[in-house]
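# Results of the structural survey
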Amino acid sequence: MTTGDRPLQTAYSPCPNDTFVFDALAHGRVPDAPPLDVTFADIDLTNGMAERGEYDVLKVSYAVLPYVLDAYTLLPCGGALGRGCGPLVLTRDEHTTDLSQRTVAVPSERSTAYLLFRLWAADTVPGGVGEVVVMPFHEIMPAVRDGKVDAGLVIHEARFTYQNYGLHRLADMGEHWERTTGLPIPLGAIIAKRSLGAGTLTRLADAIRASVRAAWDDPEASRPYVMEHAQEMDPAVADQHIGLYVNEFTADLGADGYAAVRGLLTRAAAEGLLPPLGPNALEFP
């Protein structure tokens, strides 16, 4: 199947790293690129879209890959993977050091953040975490601050703003992952339907790489798109967000990126958190 001039139904988050990456492509500034019809949705929604086989191109959590790789392929670019960018566990009381039998709010049980949290807890919380409560990520810090939960797992720009809520960092999931594996941290992946065909998939990957480079070459060109969807975020925080999550792995996963993805999914499968991957599941056409 080829798409011709049919726009690819695409969904990614309104977060600055996604809008920065896709700005040039979404606005027709990448020559010979397939056109996109973009919908904005938070990662928990796009994970569900992928599991239902909706949309041609999606930004999803790496944690959802084992459930969707029959229908979708992992693109070798466009996603979020790096160092020093992992999710944090926050508490209201700086003296809280043990989450045994505590209540922890998480943004999704199908997110990479939750997977990293479970791997961290398996190593560091001998009594096991108590109750896990799922809530939208923007509600987590207020819930911790107000004592509705004992701790919260936070993602995105919360790395830069949690102190505004009077909260304290108990642990950094990314630091634990990097220390125990030596690998970068896989967070968000770009996937596309295998039925698009190898030609369109290769063209799409090339276009995403070109869009990333265009954003790096002229960051100001993407700023209107980034700030339009940044949900009242301070421009300086948006810049920090982009600086943290858009890096060389966004342009190309490369050997280290693929090793990190395989490492995460293999370790999670060994812990019984995910089904195992097939031997060629991550191969790109």
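Read on for a plain summary of the structure. (Residues numbered from 1 in each chain as written. Predicted model: local features only at pLDDT ≥ 70, side-chain atom pairs only at ≥ 80, totals over all residues. Heavy atoms only, no water.)

### A look at the pattern of salt bridges
This is how the line gets drawn: Criterion for a salt bridge: a side-chain nitrogen of Lys or Arg within 4 Å of a carboxyl oxygen of Asp or Glu. Here a helix means four or more residues in a row that DSSP labels H or I, a strand means two or more in a row labelled E, and each is numbered from the N terminus.
Enumeration according to the criterion identifies 15 salt bridges in this entry. Between Arg83 and Glu178 there is a salt bridge whose closest N-O contact spans 3.3 Å. Placement of Arg83 in the loop between strand E5 (80-82) and strand E6 (88-91) and of Glu178 in helix H7 (residues 173-181) is noted, with a sequence separation of 95 residues between them. A salt bridge links Arg223 to Asp239, with the nearest nitrogen and oxygen atoms 3.2 Å apart.

### What to know about the environment of His138
Inclusion rule: Exposure is judged per residue with a 1.4 Å probe applied to protein chains only, and the accessible area is read against the type maximum: over 50% gives exposed, under 20% gives buried, and values in between give partly exposed.
Residue position: His138 is located in helix H5 (residues 137-145). Among the residues examined, His138 registers a relative accessible area of 54% and is labelled exposed. Considering only alpha carbons, one finds His138 and His156, 18 residues apart in sequence, at a separation of 9.7 Å.

### So, the layout of surface pockets
Condition: The distinction between a cavity and a pocket rests on a 1 Å grid over the protein atoms alone: a 1.4 Å probe fits inside a cavity but cannot get out, while a pocket stays open yet meets protein on both sides within 12 Å along at least five of seven lines, and a residue with an atom within 4 Å of a point counts as lining. Grid points are joined across faces, edges and corners, and a volume is the space filled by probe spheres set on the points. We call Asp, Glu, Lys and Arg charged. Ala, Val, Leu, Ile, Met, Phe, Trp, Tyr, Cys and Pro are nonpolar, and the rest, Gly among them, are polar.
Of the pockets and cavities examined, the largest pocket occupies roughly 820 Å³. Put simply, the parts of the chain that give the lining of the largest pocket at least two residues each are helix H1 (16-26), helix H2 (43-51), strand E3 (57-61), helix H4 (112-124), H5, helix H6 (158-161), strand E11 (185-193) and helix H10 (235-245). Within the lining of the largest pocket, the residues separate by chemical class into 21 nonpolar, 14 polar and eight charged.

### Brief notes about the pairing of E3
The test is simple: Should DSSP find at least two bridges between two strands, the strands are taken to pair.
Counting buried residues along E3, five of its five residues qualify, which places the element largely inside the surrounding structure. One ladder, built from two bridges, connects strand E1 (residues 8-12) with E3; its direction is parallel. The partner of Ala11 across the bridge, within E3, is Leu58. Relative to E11, E3 runs antiparallel, the two sharing five bridges. By the bridge assignment, Val60 is partnered in E11 with Ala189.

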